[in-house]
Amino acid sequence: MEVKKDTILVASNKRRKKQTNKEGKTIMSWSDALTNSFSVSHSGLFGVDEKSMLEILVKWQPEHLSTFRNETSFIFLKDERFLFEKCEEILLIFLKREFKRFKDAVMQWTMHPWERDARMARKALKRGSQAYGLLIELACTRSSDELLGARRAYQSLYSESIEEAVACRFLVALGSSYRYEGSRMNDVAIESDAQKLNKAIRNGDKTMLIKDEEIVRILTTRSKPHLEAVFKCYYDDFGKDIEEDLGEESGLKDTIYCLCAPPACFSKILDSAMKANVSKNEKEALTRVIEYNKQYGTPLAKKIEDVALGNYKDFLITLVQRALAKGSE
């Protein structure tokens, strides 16, 4: 169940009160102090500030908790029958998700890369065609050996092959191909593939291009350097990028983007992942960090500072800083 923060962020700020202590000094209300430590009070933030939350909660007595429940009507509702404050179910789901972010990030990082990719693929398959973009990303940005390892891990974890679970023939071919990863290329084959792609696109049904045999064969079997040369040749021969001719075929466009520009692709995904109501798990690498900084004009670590809280934020920033440190060695 996807819980949108905007549905939780009702006009609670108007109802929050400031309290005055015995010395007459104005202090932030307890509801503000606590809700500031987790992302329910900040649209667009992820995770929880465990340290601040702990510092507040360990000092509270039962009467303080009662005050908190009464002040935060956007979290607790009055039960009209039995006169107690009950937590909204939608908020419980939301908070469980936010507390899980750090745990999930740690588990993702410590897993063997094969298992991580297999589990990500399984999650995408359960979501159906709307998550095929993740499968395309995995198939296009991993090496042939990494893909083979992920397929083996999938079989070990789920007692079936990933090919059995994928309904799209193009994705099956994309994920099961063992591409040549050397640098040798054939100019005749490059020109031929560019011509075949143009013919297939020009004569085919724009809504069915992902099922065209020639397109599927070329995109799923050729080496990445070969494909980059093919797309350059396509532009030279026909005066436009192949993406322009593909129209609304987003699956093929995403495939080409991931195959030919992985750093830029990951930068785009990272930027989307750090916006409200989007949840994605990404591996960090130096090229992605540098490309993000260049593409969006904001250091990735600064972006994480702005959108994350607590251990989740610290963990992600540490990974980024480690990648940058390795790159400077």
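For the structure itself, look to the data block above.
All told, the structure shown has 17 salt bridges when counted by the stated rule. Across the salt bridge formed by R142 and D117, the nearest N and O atoms sit 2.9 Å from each other. Separated by 25 residues along the polypeptide, R142 in the loop between α7 (132-141) and α8 (144-158) and D117 in helix α6 (residues 113-127) bring together distant segments of the chain. R142 gets classed as buried once you look at its relative accessible area, which sits at 6%. Judged by its relative accessible area of 4%, D117 is buried. Ionic pairing is found between E163 and R151, a salt bridge with its closest N-O pair at 2.9 Å. Of this pair, E163 sits in helix α9 (residues 162-165) while R151 sits in helix α8, placing them 12 residues apart in sequence. Via salt bridges that share partners, D193, E214, R217 and R222 belong to a single interconnected network.

Let's shift gears to the nonpolar core. Formed by 44 residues in total, the largest nonpolar core has its most connected members in F170 and L171. With 6 residues, the single largest contributor to this core is α7. Counting residues in hydrophobic clusters, the runner-up holds 14 residues, among them L300, V307, F315 and L319.

Calculation notes
- Residues numbered from 1 in each chain as written.
- Predicted model: local features only at pLDDT ≥ 70, side-chain atom pairs only at ≥ 80, totals over all residues.
- Heavy atoms only, no water.
- Salt bridge = Lys/Arg side-chain N within 4 Å of Asp/Glu carboxyl O.
- Helix = DSSP H or I, 4+ residues; strand = E, 2+ residues; numbered from the N terminus.
- Buried < 20%, exposed > 50% of the residue type's maximum accessible area, 1.4 Å probe, protein only.
- Core = buried A, V, L, I, M, F, W, Y, C linked by side-chain atoms within 4.5 Å.

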